[in-house]
Amino acid sequence: MKRYIVKILRINKLSFLFLAVIFLALFSCERKINWDLKTSSEQFLIVDGLITNEYANQKINLTLSVQNLNDTAKSVSDATITISDGEQTFNFHENTTSGIYLSDSKFSAVVNKTYTLNIKYNNEDYFAEANIYPVSVSDPLPYIQIPDTNLYYIAYDIAEFNPYESAMYEVILDWSDVNGYENLPINETSAKMYYYRLKTIDVNQIFAPDNEIVIFPYGTLMTQRKYSLSPEHEDFIRSVLMESQWHGGNFDIEEGNVYTNLSSGALGFFGASSVISFSTIVQ
């Protein structure tokens, strides 16, 4: 009898939650909001760096923080950058004056090693550490045909998660060689998208606003790259999603600073990932 009562109570709670969600959906409305953005005169070094197990010239991107929402970030030159694994040290040089720094020699990050990033800029020293985790081989993200057309889209649920592995998917689409699309500009025949599978799921993830769906034709070349994420990298991704893709729904959290593994005075993230890649022709 006790089990029967518990079961009834659970059903009632679920029903209440369902009705509450319906109520919010029916009576919510759109209104114009003037944001009172809190700005600071302090300028931060922004680090965007991800090294991988691919044998290549690894890349670190440096910019400065901006004061206004739509300002263009200013690239950082004249910085000294090194990455060390405890046995070897790799030096980086700036590629022209773009703020993009490439390693002087090619190297691949190794699983179970810790990599330390050191940056010297404007008489200040900044550092971060990253561990690289293995990536599992899994099925690529599926795509679905739109009925009665030769058009497709990526079948991905924003509420997906994997309790055993967190990963980032980079999807690169190119349909510039498809019949009828050959003479169109590159921004109309290609796309790059990112999808994430984290180990946990958040309520504001489930009730996140709708995202734009990218449509592509039969014959598109699709390349998917799957990146492993360390626990720290996953925390960074989650905090970014909460302030971007998951923001604006009925269960928003209070705005906050994005997680970083950089030392004081710098923001952004330095990560290390294992990568696997697979390509296919959409058909």
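So, how was this worked out
Residues numbered from 1 in each chain as written. Predicted model: local features only at pLDDT ≥ 70, side-chain atom pairs only at ≥ 80, totals over all residues. Heavy atoms only, no water. Pairing = 2+ DSSP bridges. Helix = DSSP H or I, 4+ residues; strand = E, 2+ residues; numbered from the N terminus. Axes fitted to C-alpha atoms, helices over the stretch in contact; angles between N-to-C directions. Buried < 20%, exposed > 50% of the residue type's maximum accessible area, 1.4 Å probe, protein only. Core = buried A, V, L, I, M, F, W, Y, C linked by side-chain atoms within 4.5 Å. Salt bridge = Lys/Arg side-chain N within 4 Å of Asp/Glu carboxyl O.

(A) Examining the sheet that holds strand S16 (residues 275-281) more closely. Ordered in space as S12-S11-S14-S16, the four strands form an open sheet in which the pairing is antiparallel. With partners counted over all chains shown, the strands left at the sheet margins are strand S12 (190-197) and S16, one partner each. Neighbouring strand axes in the sheet, compared pairwise and without regard to direction, differ in orientation by 15° on average.

(B) Seen up close, unusual backbone geometry. The residue Asn122 is not glycine, and still its phi comes out positive at about 55°. Along the chain, Asn122 falls in the loop between strand S7 (114-121) and strand S8 (124-131). According to the relative accessible area criterion, Asn122 is exposed, its value standing at 59%. With phi around 65°, Asn123 is a residue other than glycine that occupies positive phi space. On the secondary structure map, Asn123 appears in the loop between S7 and S8.

(C) Region of the structure containing the nonpolar core. Ranked by size, the top nonpolar core spans 27 residues in total, and within it Leu45, Ile60, Leu62, Ile119 and Phe270 carry the most contacts. Mapped by element, the contributors of at least two residues to this core are strand S1 (45-52), strand S2 (59-64), strand S4 (80-84), strand S5 (89-94), S7, S8 and strand S15 (266-273). The element contributing the most residues to this core is S7, with four residues.

(D) Here's a closer look at the pairing of S2. Where S1 meets S2, five bridges bridge the pair, whose relative direction is antiparallel. When the bridges of S2 are listed, Leu45 appears paired with Leu64. Hairpin connection of S1 to S2: six residues between the antiparallel strands. Taken together, the three bridges between S2 and strand S6 (residues 100-103) define a ladder with antiparallel strand orientation. Residue pairing across strands places Asn61 opposite Ile100, the latter belonging to S6. As paired strands, S2 and strand S3 (residues 74-75) are joined by two bridges and run antiparallel to one another. Opposite Thr63, over in S3, you have Ser75 as the bridge partner.

(E) Representation of the pattern of salt bridges. As enumerated under the stated definition, the model contains nine salt bridges in all. With a shortest N-O distance of 3.4 Å, Lys113 and Glu87 are connected by a salt bridge. On the criterion of sequence distance, the pair formed by Lys113 in the loop between S6 and S7 and Glu87 in the loop between S4 and S5 is long-range, its members being 26 residues apart. Glu234 is the salt-bridge partner of Arg238, the closest N and O atoms lying 3.2 Å from each other. Taken together, the positions of Arg238 and Glu234, both in helix H3 (residues 231-242) and four residues apart, correspond to about one turn of that helix. With a relative accessible area of 13%, Arg238 lands in the buried category.

(F) Looking closely at the sheet that holds strand S13 (residues 216-217). Reading across the sheet, the three strands line up as S9-S10-S13 and stay open at both edges, with antiparallel pairing between neighbours. The strands lining the two open edges of the sheet, one partner per strand, are strand S9 (143-145) and S13. Pairing of S9 with strand S10 (residues 151-154) involves three bridges; the strand directions are antiparallel. For Tyr143, the partnering residue across the bridge sits in S10 and is Ile154.

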